Amino acid sequence: MTTLSSGTVESIQAVFEQIFEDEHDDELTYHQHLVSGAVAGIVEHCSIFPLDTIKTRMQFISWKGCATECCSRASLYTTGANIVKAEGGRRLFRGITAMALGAGPSHAVYFASYEKARKMLGGDTPGHHPFANAVSGMVATVAGDLILTPMDTLKQRLQMCRNPQARLHSVASMIYREEGVRAFYASFGTTLVMNIPFAAIQFSCYHALKEHLDAQSFAPGSTQSLVCHWMSGGIAGAVAAGLTTPLDVTRTALQTQGMEGMKFQGFRQAITEIVRRDGFLGLTRGWAPRMLFHIPGTAICWTAYEYCKDMFGLYQ
């Protein structure tokens, strides 16, 4: 049996001590924000992953015609039912490992960067600071998406019906071998174009709603506090998701383009082809599952994040 050396044990203990210790009496440390963000990201994305799978199928563009089984022009319910009927219920969770591996680290950096930027811009002081919250969300998005985009590409490839027996490592190897490293970041520009306004809208709305509901007046970790975070996060997610759906459709096209030999030169060509094939309504495909994903997803994410922060604060 392998045993840990005393030096390794001491290193692990030092990490946990650094996470749970606070150099500032009334503030959480950077490491505590990292842990809270990682928990929030994994809980958010894994708890409602089937909706993301349905959205991906609805947004996928088949250049061989929608007769292909990977493509769906049906409703949210019908698309989900068809996947379960033809491929089994487990198919709705295909790619969840890739998402968990990406969501944990990316959301850790996402929220820690957000808190750092928000503090620097004065957004953590009393009062309403929409500009500081929006800019902080933009900064967080760039940092988080650098980590998440490659895993999100793998996740979307796994969610499709090509090579149903393929595993995460084999899909990653195939993309690298056939399309190169750049394929993992093919949608990065579009992802930023989508997520920067998404984050700006979401963070501004969330903090405005939280202030309106006077969440700070409730005891940390209490039911009333959690309800405030849940409602504020859900509404903010709905508004942001609805307004950025066209960009999400374009991102999906870029991340799945290599599956049928279609290659886009970039964001402009992808969005032009979508409009040419399906009209401007094509840019709204998947809006229902996207909103159904982000309403509970953002609510869960903010609630989990704020709860973890409350727990760290209570046990300091």
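Residues numbered from 1 in each chain as written. Predicted model: local features only at pLDDT ≥ 70, side-chain atom pairs only at ≥ 80, totals over all residues. Heavy atoms only, no water.

Colleague: What's the story with the overall build of the protein chain in this structure? I'm lost.
Modeller: For the protein chain, the helix and strand inventory stands at 12 helices and 0 strands. Of the regular secondary structure in the protein chain, the N- to C-terminal order runs α-α-α-α-α-α-α-α-α-α-α-α. Per-residue burial for the protein chain yields a buried fraction of 49% across its 316 residues. For the protein chain, the share of sequence-separated contacts (at least 6 apart) that also reach a separation of at least 24 residues comes to 77%. Total accessible area computed for the protein chain in this model is approximately 15100 Å², and 64% of it derives from carbon and sulfur atoms. (Helix = DSSP H or I, 4+ residues; strand = E, 2+ residues; numbered from the N terminus. Buried < 20%, exposed > 50% of the residue type's maximum accessible area, 1.4 Å probe, protein only. Contact = heavy atoms within 4.5 Å. Areas by Shrake-Rupley, 256 points an atom, 1.4 Å probe, with all protein chains shown as cover.)

Colleague: Please explain the pattern of salt bridges as it appears in this structure.
Modeller: All chains considered together, the criterion is met by 15 salt bridges. Of the charged contacts, one joins Arg 251 and Asp 248 as a salt bridge, the two residues approaching to 2.9 Å between their closest N and O atoms. Note that Arg 251 and Asp 248 are positioned in helix 10 (residues 245-255) at a spacing of 3 residues, about one turn of the helix. Judged by its relative accessible area of 10%, Arg 251 falls in the buried class. Taken together, the salt bridges that share partners define one network made up of Asp 52, Lys 55, Asp 152, Lys 155, Asp 248, Arg 251 and Arg 290. (Salt bridge = Lys/Arg side-chain N within 4 Å of Asp/Glu carboxyl O.)

Colleague: Honestly, the packing of helix 6 (residues 130-159) against helix 8 (residues 188-212) in this entry has me stumped. Any pointers?
Modeller: Describing two packed helices takes the angle between their axes plus the distance from one axis to the other. Put simply, helix 6 and helix 8 touch, their axes get as near as 7 Å, and they point 140 degrees apart. When the interaxial angle is binned, helix 6 and helix 8 end up oblique. You can see that helix 6 and helix 8 cross each other, and the crossing is right-handed. Contact with helix 6, carried on its side by Pro 130, Asn 133, Ala 134, Gly 137, Met 138, Thr 141, Val 142, Asp 145, Leu 146 and Thr 149, involves Phe 188, Thr 191, Leu 192, Asn 195, Ile 196, Ala 199, Ala 200, Phe 203, Ser 204 and His 207 of helix 8 and no other residues of that element. A class-by-class count of the residues in the contact of helix 6 with helix 8 yields 11 nonpolar, 8 polar and 1 charged. (Axes fitted to C-alpha atoms, helices over the stretch in contact; angles between N-to-C directions. Parallel < 35°, antiparallel > 145°, perpendicular 65-115°, else oblique. Left-handed = near helix turned anticlockwise from the far one by under 90°. Nonpolar A, V, L, I, M, F, W, Y, C, P; charged D, E, K, R; others polar.)

Colleague: How should the nonpolar core be read in this particular structure?
Modeller: A general tendency of soluble globular proteins is for nonpolar side chains to be buried together. The biggest cluster of nonpolar side chains holds 13 residues, and the ones touching the most others in it are Ala 40, Tyr 110, Phe 111, Tyr 114, Phe 203, Trp 302 and Tyr 305. For this core, the secondary structure elements donating two or more residues are helix 5 (96-120), helix 8 and helix 12 (287-314). Of the residues forming this core, the biggest block, 4 residues, is contributed by helix 12. With residues up to four places along the chain from it excluded, the contact list for Phe 111 reads His 33, Gly 37, Ala 40, Cys 301, Trp 302 and Tyr 305. (Core = buried A, V, L, I, M, F, W, Y, C linked by side-chain atoms within 4.5 Å.)

Colleague: I would appreciate a short explanation of the packing of aromatic side chains in the present structure.
Modeller: The description of an aromatic ring pair rests on the distance of the ring centres and on the angle between the ring planes. Scanning the entire structure with this criterion turns up 10 aromatic pairs. Ring geometry for Phe 111 versus Trp 302: centroids 5.4 Å apart, planes at 80 degrees, classification edge-to-face. Of this pair, Phe 111 sits in helix 5 while Trp 302 is found in helix 12, placing the two residues 191 residues apart along the sequence. A relative accessible area of 1% places Phe 111 in the buried class. Take Trp 302: its relative accessible area is 1%, and that puts it in the buried class. Grouping aromatic residues by their ring pairs yields a cluster made of Tyr 110, Phe 111, Tyr 114, Phe 203, Tyr 206, Trp 302 and Tyr 305. (Phe/Tyr/Trp six-rings, centres within 6.5 Å; stacked < 30°, edge-to-face > 60°.)

Colleague: It is not clear to me how the confidence of the model for the protein chain should be interpreted in this structure. Could you clarify?
Modeller: Caution applies to low-pLDDT parts of the model: their predicted coordinates are not meant to be read in detail. Mean pLDDT over the protein chain stands at 83; residues scoring 70 or higher make up 84%. At the low end of the mean pLDDT range in the protein chain sits helix 1 (residues 6-20), at 51; at the high end sits helix 5, at 94. This stretch, residues 19-25, has a pLDDT under 50; its non-local contacts, to residues over four places away or in other chains, come to 15 contacts. (pLDDT = per-residue confidence, 0-100.)

Colleague: Would you explain the side chain of Arg 118 in this entry?
Modeller: Turning to its location among the elements, Arg 118 is positioned in helix 5. No salt bridge is formed by the buried Arg 118. Its closest oppositely charged neighbour is Glu 115, at 4.4 Å. Residue contacts for Arg 118: discarding those within four places in its chain leaves Gly 123, Asp 124, Asn 133, Ser 136 and His 207. (Lys, Arg positive; Asp, Glu negative; His and termini not counted.)

Colleague: Help me out: how do you make sense of the environment of Pro 246 in this one?
Modeller: Structurally, Pro 246 is set in helix 10. C-alpha of Pro 246 to C-alpha of Gly 282: the two residues are 36 residues apart in sequence and 8.2 Å apart in space.

Colleague: Explain the packing of helix 5 against helix 8 here, please?
Modeller: Two elements in contact, helix 5 and helix 8, have axes whose closest approach is 14 Å; the angle formed by their N-to-C orientations is 65 degrees. Accordingly, the angle class assigned to the pair helix 5 and helix 8 is roughly perpendicular. The chirality of how helix 5 crosses helix 8 is right-handed. Counting all contacts with helix 5, which are made through Tyr 110, Tyr 114 and Arg 118, the residues of helix 8 involved are Ala 199, Gln 202, Phe 203 and His 207. Each residue belonging to the contact of helix 5 with helix 8 can be placed in one class, and the counts come to 4 nonpolar, 2 polar and 1 charged.

Colleague: Teacher, can you tell me more about the environment of Lys 309 here?
Modeller: Relative to the elements of secondary structure, Lys 309 occurs in helix 12. Along the backbone, Lys 309 and His 33 are 276 residues apart, and their C-alpha atoms lie at a distance of 7.2 Å. Setting aside anything within four residues of it in sequence, one finds Lys 309 in contact with Leu 28, His 33, Ser 36 and Glu 115. Of note is the side chain of Lys 309, whose polar atom sits 3.2 Å from the side chain of Glu 115. (Polar contact = N/O pair within 3.5 Å; in protein donor to acceptor, adjacent residues only side chain to side chain.)

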